[in-house]
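Chain and residue survey
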Amino acid sequence: YNKPALSNYYCSHECPIGRKYVPEVEIKDLSQITLEALSTLNALEKEKTRFIDIAADNKISDAEKQDFATIQEKLEKISMIADSLRLWMEQQSQT
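Read on for an overview of the structure. Everything numeric in this text was worked out from a predicted model, so none of it was measured.

Time to look at the overall build of the protein chain. When helices and strands are tallied, the protein chain shows four helices and zero strands. Its helices and strands taken in sequence order, the protein chain reads α-α-α-α from the N to the C terminus. Taking 2.2 N^0.38 as the reference for a compact globule, 95 residues should give roughly 12 Å; the C-alpha atoms of the protein chain span a radius of gyration of 17 Å, well beyond that estimate. In terms of overall dimensions, the protein chain has C-alpha extents of about 50 × 35 × 15 Å along its principal axes. In the protein chain, which comprises 95 residues, the share counted as buried stands at 17%.

Even without being glycine, Asn 58 reaches a positive phi, approximately 65 degrees. Its location among the elements puts Asn 58 in the loop between helix H3 (30-55) and helix H4 (65-93). The exposure class of Asn 58 is exposed, given its relative accessible area of 73%.

Glancing now at the side chain of Ser 12. With respect to the helices, strands and loops of the structure, Ser 12 is situated in helix H1 (residues 5-13). Separated by 3.1 Å, the side chains of Ser 12 and His 13 make a polar contact. Beyond its immediate sequence surroundings of up to four residues, Ser 12 is in contact with Gly 18, Arg 19, Val 22, Pro 23 and Glu 24.

Another aspect to go through is the packing of H3 against H4. One way to put it is that H3 packs onto H4 with a least axis distance of 9 Å and a crossing angle of 150 degrees. Here H3 is positioned roughly antiparallel relative to H4, judged by the angle of their axes. Like other packed secondary-structure pairs, H3 and H4 cross with a definite hand, here left-handed. Along its contact with H3, which presents Leu 30, Ile 33, Glu 36, Ala 37, Thr 40, Leu 41, Ala 43, Leu 44, Glu 47, Arg 50, Phe 51 and Ile 54, the element H4 presents Asp 67, Phe 68, Thr 70, Ile 71, Lys 74, Leu 75, Lys 77, Ile 78, Ile 81, Ser 84, Leu 85 and Trp 88. When grouped by side-chain class, the residues that make up the contact of H3 with H4 number 15 nonpolar, three polar and six charged.

On to H3. The largest bend in H3 comes to about 50 degrees, at Glu 47. The complete set of buried residues in H3 reads Ile 33, Ala 37, Thr 40, Leu 44 and Ile 54. For H3, the secondary structure elements touched by its buried residues are H4.

Now for the pattern of salt bridges. As enumerated under the stated definition, the model contains six salt bridges in all. The residue Lys 28 makes a salt bridge to Glu 36 at a minimum N-O spacing of 2.7 Å. Here Lys 28 falls in the buried class, since its relative accessible area comes to 16%. With its nearest N and O atoms 3.2 Å apart, the salt bridge here joins Glu 45 to Lys 48. With Glu 45 and Lys 48 both in helix H3 and three residues apart, this pair spans about one turn of that helix. Its relative accessible area of 47% is what places Glu 45 among the partly exposed residues.

Thresholds applied
- Per chain, residue numbering runs from 1 following the sequence as it is written.
- In keeping with the model being predicted, local features are shown solely for residues with a pLDDT of at least 70 and side-chain atom pairs are shown and tallied solely at 80 or more, while totals for entire chains, interfaces and linings include all residues.
- As a rule here, side-chain values cover all heavy atoms of the structure and leave hydrogens and water aside.
- Elements are defined by DSSP. Helices are runs of H or I of four residues or more, strands are runs of E of two residues or more, and each kind is numbered from the N terminus.
- We compute the radius of gyration from the C-alpha atoms alone; for a globule the expected value is 2.2 Å times N to the 0.38, where N is the number of residues.
- The rule is simple: take the accessible area with a 1.4 Å probe, protein chains only, and divide by the maximum for that residue type; under 20% is buried, over 50% is exposed, in between is partly exposed.
- As used in this structure description, the phrase polar contact means that two N or O atoms lie within 3.5 Å; if the pair is within protein, one of them must be able to donate a hydrogen and the other to accept it, and residues adjacent in sequence are counted only when both atoms belong to side chains.
- Residue contacts are defined here by distance: any two heavy atoms, one from each residue, within 4.5 Å place the two residues in contact.
- Orientation is described by lines fitted to C-alpha atoms, with helices fitted over the stretch in contact, and by angles between N-to-C directions that extend from 0 to 180 degrees.
- Any angle that falls under 35 degrees is termed roughly parallel, while one over 145 is termed roughly antiparallel, one within 65 to 115 roughly perpendicular, and all others oblique.
- The handedness criterion is simple: a crossing whose near helix is rotated anticlockwise from the far helix by less than a right angle is left-handed, and one whose near helix is rotated clockwise is right-handed.
- Residues are sorted three ways: Asp, Glu, Lys and Arg are charged, Ala, Val, Leu, Ile, Met, Phe, Trp, Tyr, Cys and Pro are nonpolar, and all the rest, Gly among them, are polar.
- To get the bend at a given residue, fit one axis to the seven residues ending there, fit another to the seven starting there, and take the angle between those axes.
- Here a salt bridge means any side-chain nitrogen of Lys or Arg lying within 4 Å of a carboxyl oxygen belonging to Asp or Glu.

Right under this line is the structure:
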């Protein structure tokens, strides 16, 4: 029960609510997490102006939907990277 990945595994595989809303976090090493984070942040930097333009009127038009979906995917990837980093840190604190 002292394994940090156990709760994520349970939520993402066994819990009916978690299976719908909790993605499985991959166990990675720090260098891989860092490179993925920097790569995704760089990609988001390029999308920043478009994101501002889409959000400025508080509506997403049909013409903006594809760009918004692309930006949303990158933001979700950042969230997964943060979860992976949190898991890595929890594992390090137990060693």
